[in-house]
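Notes for the structure review
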Amino acid sequence: MNIQERMDSINGVIKNIAEFIQNHEDIKTDFNEYLKTIGATAKNGIPLQTACFSYILERNLGEDLKSIPQLYLENTKGLDAETKKIVKAIDDSISSVFEIKKVTKTGFELLNIVNERKYMITSLMKMTAFRGLGSGDYIIARIVNINGDYYLLEISGVLPSTRKDDAYRFAVAKIIQNPELVYLDNPEKQKEIEDDVADIYKKFIEFFNGKTEIITTNKHADDLIGIFNDYAEEGTKSDYAELIVEPEEYKFFNVSEFNNSYDNFLENSLGGFSSHKETYDVGIIYDEELGLYAIPFYGTFNKIFEVKDYTKIVNYDLCIKYFLENDKYSANLIRMVADKHKNFMEIVNAVLAKNYTLEELLKKYKRRYLDNKIISSTTVLYRSNAFSNTLGIIEDNENKPQIDTTQKIGRNDPCPCGSGKKYKKCCGAAV
């Protein structure tokens, strides 16, 4: 099959899936609601074709949260092997932030700034549709791999070369939400991060005297993580006993500073808890497989299964649902708590009014973690060039003011260059 035939096949499959979602009785109802929600049917709203494509690539339905391509395969009889291969490839397509390195006659040479891999991409559309795009510009795009050849499915956003900072910040936001994107389709990067996970696990065990879980309050968590990071990076072990402080009461509540903005995603992933007004417990946990986590209310979550009367824990039911429904908390984390407490499923089922087994519970709430290896965002970020760029670690040294190196500067002190960052995250990063 030549390139043109392959392109025609891909476009044909996308067209057939689009017809499927508009004709399948249950999916059609959901699709029409989706159109209303995003304003695709309103005047000057999102074009129907764009909305349809986004729906196909991003929507999950049903008890098992199956993707639209999966539902298409299950509900369409007589598909040949080639069509099934294309549908599965579309389901596994890669959405990321790319820098355009070169524009070719048939597509682009792109650098994926999330997984740090270069791609030669063939466009499914005529290149005249991309007039104005050039080397150095950034695109938010989705690509698909079919038999080792990559094709451009869509471009959903464009940033000029002058907005590099915005492109990298958006890339970091994607990483925090989906850390597996850093090593998706890049086995060398995955091996590098997995080696980090194994190495830092040993250091965590050494530093915390054999423990994999530490409970303290948000007022001390940042400093505790900071001195562990210093140990992991430099081998310097400081006394941390005074930083392990239990809250006056284990209880669950909404923290006003938690929200979905970029800055809060970034802050929370790095353990930026000390500025929060309320006091609550934070678990600092090392998963031997998935890396380092800093988790609000982890102590409260465990306490529910430890006390005689769990209903005395304030908002115990909301706490359980929070840990199940929060997509940043892995299936491994739920297993850890369940393994420690024999009454885990009994209490969870009482709260949910269900009769799940542990495996059924994980299948419902943590399917993404069962189907994929998702290393923690905190661990992955430190191996991300996009994150380093965003923090200003990788900068043009000529633009930095001269620092008086005779001055004693603590690694956690504000950087003398005036950036507002900690010294170790700025000019001290290369020291």
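Treat the numbers as computed from the prediction; the structure is a model and nothing was measured.

If you walk through the whole model with that rule in mind, you get 23 salt bridges. Here Glu-74 makes a salt bridge to Lys-66, at a shortest N to O gap of 2.7 Å. Given the relative accessible area of 26%, Lys-66 is considered partly exposed. Taken together, the shared-partner salt bridges in this structure form one network comprising Glu-116, Lys-189, Glu-192, Asp-196 and Arg-383.

Looking at where Ser-330 falls in the secondary structure, it is placed in the loop between helix H11 (316–325) and helix H12 (331–340). Here Ser-330 is in contact with Asp-287, Leu-290, Tyr-293, Lys-366 and Tyr-369, once residues within four sequence places are set aside.

With 17 residues, helix H8 (residues 218–234) should cover 24 Å at 1.5 Å per step; its first-to-last C-alpha distance of 25 Å lies within 8% of that length. Within H8, twelve of the 17 residues are buried, leaving the element largely enclosed by the surrounding structure. Just downstream of H8, Gly-235 is the residue with a positive phi angle, here 80°.

Before going further, it helps to examine the sheet that holds strand E4 (residues 107–112). Within the closed barrel, the five strands sit side by side as E3-E4-E5-E7-E6. Their pairing is mixed. Put simply, the sheet's adjacent strands are angled 55° from each other on average, direction ignored. By the bridge criterion, three bridges tie strand E5 (residues 117–123) to strand E7 (residues 149–159) in an arrangement that is parallel. From the neighbouring strand, Ile-121 faces E7, where its bridge partner is Tyr-150. Along the sheet, helix H1 (residues 3–23) makes contact with E5, strand E6 (138–146) and E7, crossing E7 at roughly 60°.

The next thing to look at is the pairing of E6. Look at any regular strand and the pattern is simple: side chains alternate between the two faces of the sheet. Most of E6 sits inside the fold, with eight of its nine residues counted as buried. Relative to E6, strand E3 (residues 94–103) runs antiparallel, the two sharing six bridges. Each bridged residue has a counterpart across the sheet, and for Ile-94 the counterpart in E6 is Ile-143. Sheet topology places E6 next to E7; nine bridges connect them, and they run antiparallel. Residue pairing across strands places Asn-145 opposite Tyr-150, the latter belonging to E7. Taken together, E6 and the strand that follows it, E7, pair antiparallel across an intervening segment of two residues, in which Asn-147 is found at a positive phi of about 55°.

Next up on the list: the packing of H12 against helix H14 (residues 358–365). The N-to-C vectors of H12 and H14 enclose an angle of 150°; their axes lie 10 Å apart at closest approach. The orientation of H12 with respect to H14, classified from their angle, is roughly antiparallel. Remark: the crossing between H12 and H14 carries right-handed chirality. Between H12, through Ala-331, Ile-334, Arg-335 and Ala-338, and H14, the contact on the second element is made entirely by Leu-358, Glu-359, Leu-361 and Leu-362. Tallied by class, residues from the contact of H12 with H14 come to six nonpolar, no polar and two charged.

Reading the values: rules and limits
- Residues numbered from 1 in each chain as written.
- Predicted model: local features only at pLDDT ≥ 70, side-chain atom pairs only at ≥ 80, totals over all residues.
- Heavy atoms only, no water.
- Salt bridge = Lys/Arg side-chain N within 4 Å of Asp/Glu carboxyl O.
- Buried < 20%, exposed > 50% of the residue type's maximum accessible area, 1.4 Å probe, protein only.
- Helix = DSSP H or I, 4+ residues; strand = E, 2+ residues; numbered from the N terminus.
- Contact = heavy atoms within 4.5 Å.
- Expected span 1.5 Å × (residues − 1).
- Pairing = 2+ DSSP bridges.
- Axes fitted to C-alpha atoms, helices over the stretch in contact; angles between N-to-C directions.
- Parallel < 35°, antiparallel > 145°, perpendicular 65-115°, else oblique.
- Left-handed = near helix turned anticlockwise from the far one by under 90°.
- Nonpolar A, V, L, I, M, F, W, Y, C, P; charged D, E, K, R; others polar.

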